[in-house]
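Single-letter residue listing:
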Amino acid sequence: MSAETPAAPGQNDEHYLQVFRRHFRSWRGDRPFWAGLYIVFGGFPIAYFPYAHLHLGHLTLAMSTTAGAGSLIIGVLLVVLGISLWFQKHVRTFAGVAAILLALVSIPVANLGGFLIGFLFALLGGAMAVSWVPGEPDEGYAASKSLDEQDAPQAAAAEPVGPEAADAAGDPNDLSGTSPNTGANGRHSAG
């Protein structure tokens, strides 16, 4: 074995940024990542604008309102809810509803919800969080049978259930209301 021969083929061929990107995409796919990101983006303008000063030449325009503390609290809560969606995916319904309510409260409290920018981001992120559902694993990634299940003999086929099942007299045991002539049950026959 020479010094130029790799220890094992394929070992350390992948760049660490590709490994990080693959792991990040896997992590991101298991949680409502984009919903959390939109909620975080919605929290920043709501918290920032009441404390911002706009400079136009020698003229300073202060956006501060009497509800500055309320705006700061709403903005910080939205940021915390967005981050909690990333790391605690089981609170998605609570965090989504809370983000929607905070976005609605920010309209009268925080300069029209951060001039509607923060309001729209928080509202969209909250709706995305409420509607997010964990995905099912692909068939290729499904766990294989255990060794005990592979060696066990297959059970006899179960009796048919549904329209093809029959009672002892041979009459079909169909309780769904389907017609034997047309196969329709009348539920979808609106003309």
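Remember, it's a predicted structure, so these values are computed and weren't measured experimentally. (Residues numbered from 1 in each chain as written. Predicted model: local features only at pLDDT ≥ 70, side-chain atom pairs only at ≥ 80, totals over all residues. Heavy atoms only, no water.)

J.: Would you mind going over helix H4 (residues 92-109) in detail, with residue names and values included?
T.: At 3.6 residues per turn, the α-helix brings residues three or four places apart onto the same side. End to end, H4 covers 25 Å across 18 residues, agreeing with the expected 26 Å (1.5 Å per residue, within 8%). Within H4 the residues assigned to the buried category are Arg 92, Ala 95, Gly 96, Ala 98, Ala 99, Leu 102, Ala 103 and Ser 106. Seen end-on, H4 carries its buried residues on one side only, within an arc spanning 165 degrees. Exposed positions of H4 whose direction lies more than 90 degrees from the buried face are Phe 94 and Pro 108. Asn 111 occupies a position one or two residues after H4 and carries a positive phi of about 50 degrees. (Helix = DSSP H or I, 4+ residues; strand = E, 2+ residues; numbered from the N terminus. Expected span 1.5 Å × (residues − 1). Buried < 20%, exposed > 50% of the residue type's maximum accessible area, 1.4 Å probe, protein only. Arc of directions from axis to C-beta.)

J.: If you had to explain a nonpolar patch on the surface to someone new, which residues and values would you point to?
T.: A grouping of Phe 41, Phe 44, Phe 115, Ile 117 and Phe 121 is seen on the molecular surface, where their side chains present a nonpolar patch of about 470 Å² in accessible area. Elements with a contribution of two residues or more to the nonpolar patch: helix H2 (33-48) and helix H6 (117-131). (Patch = residues over 30% accessible without salt bridge, like charges linked within 9 Å, V, L, I, M, F, W, Y side chains within 5 Å. Areas by Shrake-Rupley, 256 points an atom, 1.4 Å probe, with all protein chains shown as cover. Salt bridge = Lys/Arg side-chain N within 4 Å of Asp/Glu carboxyl O.)

J.: Which residues make up the pairing of strand E2 (residues 59-62), and what are the values?
T.: A regular strand places its side chains on the two faces of the sheet in alternate fashion. Sheet topology places strand E1 (residues 53-56) next to E2; four bridges connect them, and they run antiparallel. Bridging across to E2, Leu 56 finds its partner in Leu 59. Where E1 folds back on E2, the antiparallel hairpin that results is connected by two residues, among which Gly 57 adopts a positive phi of roughly 65 degrees. (Pairing = 2+ DSSP bridges.)

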